[in-house]
Amino acid sequence: MPDCTFYTTAIDYTNAAPHIGHAYEKVLTDVLTRFEKLRTREVYFLTGVDQHGQKVQQSAEKEGLAPQEFADRCTAKFLSLWETLGVQFDGWAATTAPVHKTVVGKILQRLHDEGQLYKQAHRGFYSVRQEQFLTDKERNEAGEFGPEWGQVVELQEENWYFRLAQHRDWLLNFIDSHDSFVVPSFRRPELRNAVERLSGDLCISRPKSRLTWGIELPFDPEYVTYVWFDALINYISFAGYLAEAGSGLPDFNRLWPARAHVIGKDILIPAHGVYWPIMLHALGFSDDQIPTLLVHGWWNIGGAKISKSLGNTVDPAVLVERYGAEALRYYLMADITTGKDADFSEERLRMRFNEELANNVGNLLNRTLNMALRYRSSVLRCPAVDDTSLKALAGPEASSALNAYTQAMEQYQVDAALRAVVGFARACNQLIEASAPWKLAKDPAQAELLDAVLYHLAESLRIIGILLVPVLPDSARGIFQQLNWPHPARLEDATWGKLPEGHVLGTPTPLFPRLEASPEAAD
Ligand code: MSP
């Protein structure tokens with residue numbers, strides 16, 4: 001077993017404009033990573049950009065730039081977005097990096113030497129405009145290739161193939177015997193069906209006559225590597241696989257296998273669910289060295305796919321400007337169930353923030369600190385007795401919130417984890433209503449009960465702050481500052497009774513100012 005938890009995300013197409021779908025995947029993985037840190041485990045998060053291929057070459061040509069220059073410019077957009085969103089990764093996989101190219105070359109050479117690759121001529125219909133071979137699936141009802149394909153010519157081309165089909169039975173057995181290969185499990189049957197239907201091998205080369213922007217095959221310089229074959233290798237090349245001494249890359253044995261590759265449902269079949277395990281298997285990775293695929297759903301808009309051509313893409317950087325990074329992180333984590341799809345709405349972003357953070361957690365913090373200031377000059381007294389009347393008022397306990405939260409996080413269900421925290425904060429607000437500290441403060445006989453209520457609220461807020469760290473690191477810091485709790489956040493401190501007798505709370509400052517509709521909002 002590796003001694004460092006390793007998460008990766010799909011590497012984004014460098015020529016794509018980052019949208020909320022990309023942002024969701026990175027924030028989700030950042031949250032899982034921060035959760036591991038919160039429980040003081042060592043963790044490594046790898047993400048990056050997929051920089052080769054036809055589309056990059058074409059877009060660069062259109063703009064009159066060299067492909068590398070174009071790719072670098074696009075990459076900068078992603079990097080700046082991750083910084084704005086507080087996505088903290090440890091490794092950056094940019095597939096034009098020399099370390100990556102070297103490993104891809106070594107892998108190809110090895111597969112070639114072991115007879116896993118062969119060269120063959122293919123005759124078929126080729127779309128000059130789309131620069132791809134067409135199959136019968138592309139024919140329209142009249143049995144023809146429609147005008148969208150432009151000029152279609154019959155062409156013969158030689159290419160290199162990877163013996164994929166040879167490993168079909170191994171993969172079927174592997175899927176059947178490894179329940180956790182694909183999470184959530186409802187995606188397994190569709191993958192299994194796809195593997196059952198697998199018949200052909202994988203074409204892993206493109207002749208330089210039509211694509212130059214790729215990694216050259218080490219044994220045939222007339223060809224570059226098919227972009228998916230190159231891109232998938234990022235998960236191991238940037239994790240230190242076959243790394244040369246002094247490369248500065250991590251120690252592969254400490255990281256591998258990854259706890260999960262976090263990917264969207266569109267790239268499970270065939271790339272991650274078929275090509276990738278077979279590539280690893282062909283390279284000699286044992287079954288327990290094949291990582292889990294955590295497959296998330298899609299963000300849609302008004303039920304439709306987000307796409308440039310529909311003109312419905314939402315730029316996460318604009319949302320951050322409008323509402324702040326933490327509001328966007330919260331929404332992206334709270335309003336989707338991992339594995340399922342969700343519909344993006346700015347109105348819901350504001351609503352959930354206002355109801356769950358501003359009116360609930362923020363309000364709890366503000367009221368607690370104000371009452372403590374007014375009635376006790378901000379000094380806390382530990383409850384002298386375990387007051388049963390307080391227990392009756394207090395509702396769900398911190399420990400059950402903590403259990404529900406931890407269980408949900410371990411199963412990648414961040415929305416459920418947040419529900420546990422928000423529900424606990426709501427119960428604390430109810431405790432304020434039920435115990436009415438403003439009445440207790442007027443009755444000296446109730447002094448101990450008032451102390452107990454204030455302590456309960458402050459302790460609860462400290463625990464809520466800890467549980468919010470992975471999703472809302474800055475706001476959690478704000479909670480700790482106001483509570484005057486200077487310790488590094490650790491999940492093991494999310495247990496009752498850590499605020500000491502005589503603890504002095506800080507000054508109340510509104511933490512989650514309500515979000516207002518923006519005139520430009522796309523509600
Ligand atoms: N470059 C490939 C991945 C190679 S991994 C070896 C790719 N890039 S992508 O830019 O199209 O997508 C990057 C990730 O964003 C993928 O996991 C994809 O599923 C995810 N998403 C793209 N659109 C999405 C939504 N609308 N919603 C959620 N995630 C989506 O695929």
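Residues numbered from 1 in each chain as written. Predicted model: local features only at pLDDT ≥ 70, side-chain atom pairs only at ≥ 80, totals over all residues. Heavy atoms only, no water.

Structural notes on the sheet that holds strand β16 (residues 304-305)
The sheet built from three strands is open, its strands ordered β16-β15-β17 with mixed pairing. A single partner strand is all that each edge strand has here, and the edge strands are β16 and β17 (342-343). Sheet topology places strand β15 (residues 299-301) next to β17; two bridges connect them, and they run parallel. The partner of Asn-300 across the bridge, within β17, is Asp-343. (Pairing = 2+ DSSP bridges. Helix = DSSP H or I, 4+ residues; strand = E, 2+ residues; numbered from the N terminus.)

Topic: the packing of helix α5 (residues 168-177) against helix α6 (residues 188-197)
Where α5 meets α6, the closest approach of the two axes is 10 Å, and the angle between their N-to-C directions is 165 degrees. On the basis of their axis angle, the class for α5 and α6 is roughly antiparallel. You can see that α5 and α6 cross each other, and the crossing is left-handed. Contact with α5, carried on its side by Arg-168, Leu-171, Leu-172, Ile-175 and Asp-176, involves Arg-188, Leu-191, Arg-192, Val-195 and Glu-196 of α6 and no other residues of that element. Along the lines of polarity and charge, the residues of the contact of α5 with α6 split into five nonpolar, no polar and five charged. (Axes fitted to C-alpha atoms, helices over the stretch in contact; angles between N-to-C directions. Parallel < 35°, antiparallel > 145°, perpendicular 65-115°, else oblique. Left-handed = near helix turned anticlockwise from the far one by under 90°. Contact = heavy atoms within 4.5 Å. Nonpolar A, V, L, I, M, F, W, Y, C, P; charged D, E, K, R; others polar.)

So, unusual backbone geometry
Geometrically, the link from Val-183 to Pro-184 is a cis peptide bond, its omega value of -5 degrees lying close to zero. Residue placement: Pro-184 occurs in the loop between β8 (182-183) and α6. Cis geometry marks the peptide bond from Trp-256 to Pro-257, where omega comes out at 0 degrees. For Pro-257, the position within the fold is in the loop between α9 (252-255) and β13 (260-264). Of note, the phi angle at Tyr-412 is positive, near 65 degrees, even though the residue is not glycine. Structurally, the position occupied by Tyr-412 is in the loop between α15 (398-410) and α16 (414-435). With relative accessibility at 8%, the residue Tyr-412 sits in the buried group. (Buried < 20%, exposed > 50% of the residue type's maximum accessible area, 1.4 Å probe, protein only.)

A short note on α15
Between the first and last C-alpha of α15 there are 18 Å, a value that for 13 residues agrees with the 18 Å anticipated at 1.5 Å per step. Among the residues of α15, those classed as buried are Ala-398, Ala-401, Leu-402, Tyr-405, Thr-406, Ala-408 and Met-409. Relative to the axis of α15, the buried residues are bounded by an arc of 165 degrees and lie together on one face. Facing away from the buried side of α15 by more than 90 degrees, the exposed set consists of Asn-403 and Gln-407. Contact partners of the buried residues in α15: α1 (20-38), α16 and α18 (447-468). Tyr-412 occupies a position one or two residues after α15 and carries a positive phi of about 65 degrees. (Expected span 1.5 Å × (residues − 1). Arc of directions from axis to C-beta.)

Some details on helix α19 (residues 473-483)
Of all the eleven residues making up α19, eight are buried; the element is thus mostly covered by neighbouring parts of the structure. Those residues of α19 that are buried are in contact with α1, α12 (325-334), α13 (346-376) and α18. Once α19 ends, the next one or two residues include Asn-484, with phi positive near 65 degrees.

Considerations on the pattern of salt bridges
Inspection of the entire model under this criterion finds 37 salt bridges. Arg-376 serves as the salt-bridge partner of Asp-451, at 2.7 Å between the closest nitrogen and oxygen. Of this pair, Asp-451 sits in helix α18 while Arg-376 is found in helix α13, placing the two residues 75 residues apart along the sequence. One salt bridge connects Asp-493 with Arg-490, and the closest N-O pair in it is separated by 3.3 Å. Overlapping salt bridges bring together Glu-36, Arg-39, Arg-41, Arg-259 and Glu-410 as one network. (Salt bridge = Lys/Arg side-chain N within 4 Å of Asp/Glu carboxyl O.)

Re the environment of Phe-162
Within the fold, Phe-162 resides in strand β7 (residues 152-162). Separated by 54 residues in sequence, Phe-162 and Leu-108 place their C-alpha atoms 9.6 Å apart.

Considering the site of the ligand
Contacts to the ligand come from 24 residues, most closely from Ile-11, Glu-25, Asp-50, Gly-264 and Asp-266. Relative to its unbound accessible area of 660 Å², the ligand is 96% covered by the protein chains. Taken together, the elements giving at least two residues each to the shell around the ligand come down to β2 (12-13), α1, α7 (227-232), α8 (234-237) and β13. Considered class by class, the residues forming the shell around the ligand number twelve nonpolar, eight polar and four charged. (Near = heavy atom within 4 Å. Areas by Shrake-Rupley, 256 points an atom, 1.4 Å probe, with all protein chains shown as cover.)

Concerning the pairing of strand β5 (residues 117-127)
Bridge count for β5 against β7 is eleven bridges, and the pairing is antiparallel. Across the sheet, Gly-124 pairs through a bridge with Leu-155, a residue of β7. Note: β5 against strand β6 (residues 132-134), three bridges, orientation antiparallel. Directly across from Tyr-126, in β6, lies its bridge partner Phe-133. The turn joining β5 and β6, which pair antiparallel and follow one another in sequence, is formed by four residues; a positive phi near 50 degrees is taken by Glu-131.

Let's talk about the sheet that holds strand β12 (residues 220-225)
If you walk across this open sheet you meet the three strands as β10-β12-β11, and the pairing is antiparallel. Strands with a single pairing partner mark the edges of an open sheet, and in this sheet they are β10 (205-207) and β11 (216-217). Inspection of the sheet shows β10 paired to β12 by three bridges, in the antiparallel sense. Looking across to β12, one finds that Arg-206 is bridged to Val-224.

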